[in-house]
Structure formats: C-alpha cells, structure tokens
Amino acid sequence: MKILLKYFTEPKIFWILFLTVVQDRGLAQSFNNRYDFLELNNSETPWSIEENSSGQIVVFIPHDGASGWNNLGTLILSADGAIANGLEVEIDSTNLYAGLSNSANKVSAGGFILGNSKDPWFAGDSSQLCLFRFNESGDTLWHKSWPPILSYHGNIGYAAIETTDGGFLVVGTTYQEANSKVLAIKTDADGNEVWYKTFSGYSGDDTRNAALSVCNTNDGGYIIGANTRECADCVANQYYFKINSEGVQLWETILSAETSNGSVRVLNYGNGYYFGSGQIAYDVLGEDTRPWLMKFDDIGDTIWTKEFGEETEWARWFGHPKKLNDGNLLLGGQWPGEGFDKGFLMKLDTAGNVIWDRKFFNVDGNHCRFTDYIELSDGYIAACGMASADNGLGLNQDSWVVKVDECGCLVPGCENRASCSVGMDQTDNDILQAFHVYPNPVNGILNIFLEQASEDSGKSLRFDLVSMQGDIVKSFEAPFSDTTYMTDVTSLSNGTYLLVLRAEGAVLQTERIIVE
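Every value quoted in this text rests on a predicted model; they were computed, and no experiment measured them.

As for the overall build of the chain
- Assigned secondary structure in the chain consists of zero helices and 38 strands.
- When burial is assessed residue by residue, the chain has 58% of its 516 residues classed as buried.
- Sequence separation of at least 24 residues holds for 53% of the intrachain contacts in the chain that already meet a minimum separation of 6.
- As presented, the chain carries roughly 20500 Å² of accessible surface, and 46% of it is formed by carbon and sulfur atoms.

Written as structure tokens, this is what we have:
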C-alpha cells in the first residue's frame, strides 16, 4: 500500500508489538517499531519526538534523500504506532539536518518549532543556522536561515523553543576564523530576527563553544546549556549561563574537568529550580562515560549532582531531562549491551533517586539508542531513536519508535514485579516468577520481559524453547538485565512449546507458548 504523498511512501514496519488493555484508562497501546523512511535502506537519525493536539506522535527525521542530499522528514504515527502520514522537506541542492536531542518543541498556537541547520551547495563549506515552523500535521509553514558573516565561517543550530512573549529562540554555534562561539538568535512569532548574540565560556584563539539546549526562566530570561573548550583538542567542559530577554549575560558556570564531559542539557523545573543532564567521562577521550544529573538554582549554584551506572556500564548518550505530570523526571539515551547497545529510559524523583530503569532493543544484534522522549496525553511514554544493523550492503540505520506505559513496561504485566514506585525492592525470590510473554499465541516475534534478578545470586540464566517431544528448538542466554527480549519464532512449526527459564541447569519457570 502506498500513501499518496509527493515524497513519501509507507515505510515498512518490521513488527508491531501488541495492544495493551490498561485498567481505568480504556484501550491503550504499547509498541516497539522500526521504520525505513522512503524504503531507501539509508541512514536515518530521528532527534526529536513530540505529540500533536490529536494525540498523534510526530517524529523529526533527517535522512539521506533519494536525490543524494540530506532531507528532513516528519513522520506522523497514530497511538498504536501505525503510520498516519509523512512528509519530506526538500530544498534543492541543500543538505538539511535536524539539530540534536529535543531540537523540536511545541508552539502554543499549535504545531512545532525546530532549530537546525542546512548546507547549501552554493555556500561552499558554510552551514546556515535555521528555524523551521511546522503545523500540527508536519507541514512546513515557513523557515528562516542565518548564514555566517563570512563565507568560510559556519552557523549550526541545535535547539529552539517558544519564548514567553510568543517569539522564538534558537541556539547553536558559530564557527569563526580561529574559534567558535555559542550563537543565540531571538525572533518574533514570524521568525523575524530581534537580536543576534554570541557567547563564550573560554574565549580567545582556538577555543570552542557550542550550545545544545535552552529553556525559559520564570523572569522572562533564558538559561542556555552548552560546552566550552580551551582549545580545539582540549577536553569539553560543561557550561551553562543565563541571559535576560535582551540577550545580556547575567551569570555563567563552567564545570571544569580533567576529562571530556560534553554538554549540559537544561530543564526549567519550576519553583526556582533547574535540572541539567549530561555525561561524566572517566578517560581523556570521553569514551568511558556515565549518565549524570544535577539540580541547580536560578543563580547557577549547584544543589546536588548524581551519577548513574557501574564502572562496567557506561552510556554513550544521555538525553534531555523531561518533567512528567506527576512531578518526577524522565531521562534516557544509549546503554551498552552484551554484543550490542540498547536504548534506555529512566524515571527519577526530584532528589535523583531511580524509580525505574528499563532497557530496550528492536531486533537482537541491532545497535540501538534513544535520542528523545516525551510523556503523551494518554499517560504513556514515547521515545524515538535509531536502530542500526548490517543489511548485507553495509550499515543500515533506521528510525526506531517505542511506546511504553507509565511504569516503562512494553510487555503487559511487567509492573506486577518491576518497581513502579519509590521504595519497592526486588529480592532473589522474584526470579521464581521472573518473566512474562506476549503475544501468546504468537506467529512472529515473541516478546519476553525478564525482571532484573539480584546479581548477588550469581546465577547464569538461559531461556530454552522446547517442543512437546522434548527437543530444544531455540535457546539463548538471559543475562541479569531488566529489559524486554525478542525472539523470532517464524521458522518454527505450528504447535505448542514450552518456554523454560533455567539457572545453572535448574528449571525456575516455564510458560506454554502456542505458535500459529
């Protein structure tokens, strides 16, 4: 089936997981879908996800276009993950990009604003910072761009927000002759420039500065989250600062370190408090990093900082903090797996305590990560990112969207044993009723939620799929991990099987599975 749009054909959905019935909320849907935009087997990197007033999920996807130029796509999904619409933004002979995590945000009048950049071929190596305005359906209403002052310089946009006066603020970086600076451009509601400002944490020749996030403050100003380097090859230090409504800097904070710590992504929580997220590095190259969160006040003073993960668990990506309707926080990104990386979501209270932590992947062997995530109007959580695998022609990176319930559950019932409230601890006995499956009967992908067991048990876990004749037809290791596993059963003959969870040979739990 084709969707009758000028630039868009229906992407292939590798699988749609299930429908979940949630008490007191009627019918709601969870899913874990992979999409190939335009079916081109190209590279896709969704950086932002939002929800429109109709309850549809809107994903902003820069990708390799059929013309050979990078284009910008908007994918519209219904509540169950089915494709409702999709459009492609294409500018002749121009590469389009989509900023970074949380680069798009809602507009009070309806629709969305996106901070990004473009590379016109006629501008040589010069990038232009852009501001795109979309309606609720993902159609482009207008876009504005700001080229650098000199042709061999470059402007790049990473994020944009609506300001309290109804205009917009887009932030990024501007490359100059011997350095780069944070770039912030304020516009009116139609995208017309009001002011154009640059800032630096470290200043002087060979210094580097870039802003990746921005939020409004309660007094009409803005806090910008950025990074700063003393030289091009120096480590990146987290850098955030406040400006007033006219773009005048009021204060700044640089969190210097011996290792590269990336950027700060900022959230105005309210009540005079803010949160910033990022990475803490444990090597000079910034390759061994762990998720990091801080709380600070309206004059930039740190209240507390926290790290997450163990020495053997490091995150290559930690996204933007989001405030949930219950007052807690949502974070996510990329977490290393055994052989392949996973996307993860984490719910925390305002003291930085973890309420739940879930890890996801799309198909076994694919490298996955989440780049952005939101709470939906139905109380569920949606996350976007990318899933990469070798398709035989080289690395293929597709768009990936996951929707889970308020407990981070993809498989129905996982919250019965997973901690969905502060203070609930898990014990070794949980392993006796450790997994849930869906769907059952199954005719494609079988999804298994394995509740995290205590690592102190020292047990090695394994799943066996056993026929009624007693033959093991499929087997895979189940390491200690609070996550959802997927296994393809399409090659199996129709009939009844037993899914057996073993620990060092001993059977802990069995579940009857019907393959159709």
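Right, picking up where we left off after that structure.
Brief notes about the state of the cysteines
- Across all of its chains, the model carries one disulfide by this definition.
- Shown here is the disulfide that connects Cys-231 with Cys-234, its sulfur atoms set 1.9 Å apart. When the S-S torsion is 100 degrees, as for the bridge of Cys-231 with Cys-234, the disulfide is right-handed.
- Residue Cys-234 is classed as partly exposed on the basis of its relative accessible area, which comes to 25%.

A closer look at the pattern of salt bridges
- Under the counting rule described, the total for this entry stands at eight salt bridges.
- The partner of Asp-206 in a salt bridge is Arg-208, with the nearest N and O atoms 3.6 Å apart.
- A salt bridge links Asp-378 to Lys-403, with the nearest nitrogen and oxygen atoms 2.9 Å apart. In this pair, Asp-378 sits in the loop between β29 (367–375) and β30 (381–390) while Lys-403 sits in strand β31 (residues 395–404), placing the two residues 25 residues apart along the sequence.

Focus on the sheet that holds strand β18 (residues 237–243)
- Spatial strand order, β16-β17-β18-β19: four strands in an open sheet with antiparallel pairing. Because the sheet does not close on itself, it has two edges, and the strands there are β16 (208–216) and β19 (249–255). Neighbour-to-neighbour, the strand axes of this sheet turn through a mean angle of 20 degrees, independent of strand direction.
- Two elements, β18 and β19, share six bridges in a ladder whose sense is antiparallel. When the bridges of β19 are listed, Phe-241 appears paired with Glu-252.

A look at the sheet that holds strand β13 (residues 168–175)
- With antiparallel pairing, four strands are arranged side by side in an open sheet as β12-β13-β14-β15. Only two strands of the sheet have a single partner each, and these edge strands are β12 (154–162) and β15 (193–199). Strand-to-strand twist across the sheet, computed as the mean angle between neighbouring axes with direction ignored, equals 20 degrees.
- Where β12 lies against β13, eight bridges are found, and the strand directions are antiparallel.

Remarks on the packing of aromatic side chains
- Enumeration over the complete set of coordinates arrives at 15 aromatic pairs.
- With a centroid separation of 6.0 Å and an interplanar angle of 15 degrees, the aromatic rings of Phe-132 and Phe-134 are classed as stacked.
- Phe-134 sits in the buried class, given a relative accessible area of 0%.
- Taken together, the aromatic side chains of Phe-60, Phe-112, Phe-132 and Phe-134 make up a single cluster linked through ring pairs.
- Its end group placed over the ring of Tyr-273, Lys-295 keeps NZ or CZ at 4.5 Å from the ring centre.
- Geometry around Trp-335 places Lys-359 over its ring, the cationic atom sitting 5.2 Å from the centre.

Examining the nonpolar core
- Leu-293, Leu-345, Phe-360, Phe-370, Trp-400, Val-402 and Val-404 are the most contacted members of the largest nonpolar core, which totals 33 residues.
- At the level of elements, β20 (265–270), β26 (329–335), β27 (342–348), β28 (354–360), β29, β30, β31 and β36 (483–488) are the ones that each hand at least two residues to this core.
- For Leu-293, the residues in contact, after removing those within four places along its chain, are Phe-275, Gly-276, Ser-277, Trp-304, Thr-305, Lys-306, Phe-308, Leu-329 and Leu-331.

What to know about the pairing of strand β22 (residues 289–297)
- Of all the nine residues making up β22, nine are buried; the element is thus mostly covered by neighbouring parts of the structure.
- Bridge analysis of strand β21 (residues 273–281) against β22 gives nine bridges, and the strand direction is antiparallel. Considered in β22, the bridge of Ala-281 is made with Thr-289.
- Where β22 meets strand β23 (residues 302–307), five bridges bridge the pair, whose relative direction is antiparallel. The partner of Met-294 across the bridge, within β23, is Thr-305.
- The hairpin formed by β22 and β23 contains four residues between the paired strands, and Gly-300 there has a positive phi angle of roughly 90 degrees.

Observations regarding unusual backbone geometry
- Pro-441 follows Asn-440 through a cis peptide bond whose omega is 10 degrees.
- Residues other than glycine seldom take positive phi values, yet Asn-271 does so here, at roughly 60 degrees.
- Take Asn-271: it is sitting in the loop between β20 and β21.

Here we look at the confidence of the model for the chain
- Looking at the chain as a whole, the pLDDT averages 80, with 76% of positions reaching at least 70.
- Ignoring residues within four places in sequence, the model shows residues 1–28, a span with pLDDT below 50, making 81 contacts including any to other chains.
- Across residues 421–433, where pLDDT falls below 50, the model places 18 contacts with residues more than four positions away in sequence or in other chains.

Things to note about the environment of Leu-345
- Examined against the element boundaries, Leu-345 turns out to sit in strand β27.
- If near-sequence neighbours (up to four positions away) are discounted, Leu-345 is found in contact with Leu-331, Gly-332, Trp-356, Asp-357, Arg-358, Phe-360, Phe-370, Tyr-373, Ile-381, Ala-383 and Val-404.

What counts, and where the lines are drawn
Residues numbered from 1 in each chain as written. Predicted model: local features only at pLDDT ≥ 70, side-chain atom pairs only at ≥ 80, totals over all residues. Heavy atoms only, no water. Helix = DSSP H or I, 4+ residues; strand = E, 2+ residues; numbered from the N terminus. Buried < 20%, exposed > 50% of the residue type's maximum accessible area, 1.4 Å probe, protein only. Contact = heavy atoms within 4.5 Å. Areas by Shrake-Rupley, 256 points an atom, 1.4 Å probe, with all protein chains shown as cover. Disulfide = S-S within 2.5 Å. Salt bridge = Lys/Arg side-chain N within 4 Å of Asp/Glu carboxyl O. Pairing = 2+ DSSP bridges. Axes fitted to C-alpha atoms, helices over the stretch in contact; angles between N-to-C directions. Phe/Tyr/Trp six-rings, centres within 6.5 Å; stacked < 30°, edge-to-face > 60°. Lys NZ or Arg CZ within 6 Å of the ring centre and 35° of its normal. Core = buried A, V, L, I, M, F, W, Y, C linked by side-chain atoms within 4.5 Å. pLDDT = per-residue confidence, 0-100.

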